[in-house]
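Coordinate inspection notes
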Amino acid sequence: MQGIRFCATGAALPHTSISNEALSQRVDTSDEWIRSRTGITARRIAAEQENLTTLASAAGRLALERAGWDPKSLDLILLATSSPDDLFGSAPRVQAQLGASSAVAFDLTAACSGFLFALITASQYLRTGAMGRALVIGADQLSRWVDWNDRSTCVLFGDGAGAVAIEACGADQDGLLGFRMASDGRKADCLSLRQVASRQELIPGISSQLGGFEPIAMNGQEVYKFAVREVPAVLQELLKSTGTKPEALDWLLLHQANQRILNAVAERLGLPEAKVLSNLAHYGNTSAATIPVMLHEAVQAGLVKPGHLIASSGFGAGLSWGAALWRWSGPTP
Ligand code: ACO
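Cut-offs used in this document
Residues numbered from 1 in each chain as written. Predicted model: local features only at pLDDT ≥ 70, side-chain atom pairs only at ≥ 80, totals over all residues. Heavy atoms only, no water. Pairing = 2+ DSSP bridges. Helix = DSSP H or I, 4+ residues; strand = E, 2+ residues; numbered from the N terminus. Axes fitted to C-alpha atoms, helices over the stretch in contact; angles between N-to-C directions. Contact = heavy atoms within 4.5 Å. Polar contact = N/O pair within 3.5 Å; in protein donor to acceptor, adjacent residues only side chain to side chain. Core = buried A, V, L, I, M, F, W, Y, C linked by side-chain atoms within 4.5 Å. Buried < 20%, exposed > 50% of the residue type's maximum accessible area, 1.4 Å probe, protein only. Domains from an automatic or database assignment. Salt bridge = Lys/Arg side-chain N within 4 Å of Asp/Glu carboxyl O.

Notes on the sheet that holds strand S13 (residues 251-254)
Taken together, the four strands give an open sheet; going across it, the order is S8-S15-S14-S13, and neighbouring strands pair in mixed fashion. Single-partner strands in this sheet number two, and they are strand S8 (176-183) and S13. Across the sheet, the mean angle from the axis of one strand to that of its neighbour is 10°, orientation sign disregarded. Note: S8 against strand S15 (residues 320-327), seven bridges, orientation antiparallel. Along S15, the bridge assignment pairs Leu176 with Trp326. Where helix H5 (residues 114-127) meets the sheet, it contacts S8, strand S14 (309-316) and S15, and its direction lies at approximately 55° from that of S15.

Below is the structure:
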């Protein structure tokens, strides 16, 4: 079995930023309410010329540049998204924009767990030796699916994309030390972006369903309770199964949903705040993009360095959740 090397990152955020104050022109909310309940101060919203594909491609291109890879050397592009430009898949359009003509490209849908699930999925192709290089992208444009009149959800989300370049390496240099993934579809209604229920009559007596989706619906308190229960539990299982003490971790890299969730998970693991990566104040919850965007910023800022041990967890709609333990390598010299 091959090892997995974590080589480089990229990210792309829309330029347009909406502050809490600005949003309070639209819905009955306040900067104080949003900051104290979530830690969010602003979110980015895709402008007219931006979309899921352009953001994902920009993030992917940067990761390829930082890795020093020819796009044609890629074998796989896995795009985690729940808000594609095309329901048949946006990954092939990203492949075309990157000129990664040898790569197979497809989408993976798992909401805020999407990036973590995609990273683990892509790693399996590398481990077996079936593929050599993969680009894992997490991207979402939830601004197109938020009800901007619903103050209980619209303040939380934003748009963005992040990417990580990984490649197969010798088993002795393996950087993916363990992972866990879980789903509970019985709780799917806690957080959903559902197909509309309307139908159209085709011919007398026969109707078909109309395409289209309802805006995001969420039971915030249930999602909060789920996150602070399952995320520490799955991380603790992962640390135990890999024989890792929490104090050996350099960083905790969680899905950036809410600062209160991040703090609660760190407290349960006994980790100091200084080890918890957080940028959600600026971007809100960008769903599948939060983990790779945060990783990119931390690598760029020199916080995450080659050799650092990172415990990561994604969680959200599905309900779904998971965790992975990895050692950051950086590009090969
Ligand atoms: N501004 C002002 N008041 C608001 C707002 C707002 N934006 N939103 C709700 N309120 C009001 C409510 O109407 C309610 O008023 P009432 O008491 O008069 O009825 C009051 O604030 C309290 O509402 P709660 O929903 O109980 O507020 P809570 O403290 O639970 O905070 C929050 C809500 C922030 C959404 C919290 O439940 C949470 O963070 N949940 C997790 C959500 C999350 O992270 N979702 C994403 C998961 S990841 C993914 O897969 C997308």
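After that view of the structure, there is still more to cover.
Considerations on the side chain of Thr53
Along the chain, Thr53 falls in helix H3 (residues 52-67). Looking at Thr53, its side chain comes within polar contact range of the side chain of Asp85, at 2.4 Å. Those residues in contact with Thr53 that sit more than four places away from it in its chain are Asp85, Ser90, Arg93, Val94 and Gln97.

Digging into the nonpolar core
Ranked by internal contacts, the top residues of the largest apolar core, which has 45 residues, are Leu235, Leu252, Val265 and Phe315. Elements with a minimum of two residues in this core: helix H7 (220-241), S13, helix H8 (259-269), S14 and S15. Top element by residues in this core is H7. It accounts for nine residues. Two domains each donate at least three residues to this core, and these are domain 1 (3-173) and domain 2 (176-186 + 215-327). Core analysis: the second largest hydrophobic core is formed by 36 residues, Leu76, Leu108, Leu126 and Ala134 among them.

A word on the pattern of salt bridges
One pass over the full model with this rule turns up 13 salt bridges. Among the ionic pairs, Glu167 bridges to Arg5, the shortest N-O distance being 3.3 Å. Residue Glu167 is found in strand S7 (residues 159-169), and its partner Arg5 is found in strand S1 (residues 3-12); the two are separated by 162 residues along the sequence. Like Glu167, the residue Arg5 is buried in the burial classification. Residue Asp28 is joined to Arg151 by a salt bridge in which the shortest nitrogen-to-oxygen separation is 3.7 Å. Separated by 123 residues along the polypeptide, Asp28 in the loop between helix H1 (20-23) and helix H2 (31-38) and Arg151 in helix H6 (residues 151-154) bring together distant segments of the chain. You can call Arg151 partly exposed: its relative accessible area is 48%. Connected through salt bridges with shared partners, the residues Arg5, Arg133 and Glu167 form a single ionic network.

Looking at the sheet that holds S7
In a beta sheet, neighbouring strands are held together by backbone hydrogen bonds and run either parallel or antiparallel to one another. Read across the sheet, five strands follow the order S1-S7-S6-S4-S5 without closing on themselves; strand pairing throughout is mixed. Each edge of the sheet is formed by a strand with only one pairing partner; in this case those strands are S1 and strand S5 (104-108). When strand polarity is set aside, the average angle formed by the axes of neighbouring strands in this sheet is 20°. Sheet topology places S1 next to S7; nine bridges connect them, and they run antiparallel. Bridging across to S7, Ala8 finds its partner in Ala165. Its contacts with the sheet put H3 on S1, strand S4 (76-80), strand S6 (133-141) and S7, and the angle it makes with S1 is roughly 130°.

Distances and angles like these do not, on their own, reveal function.
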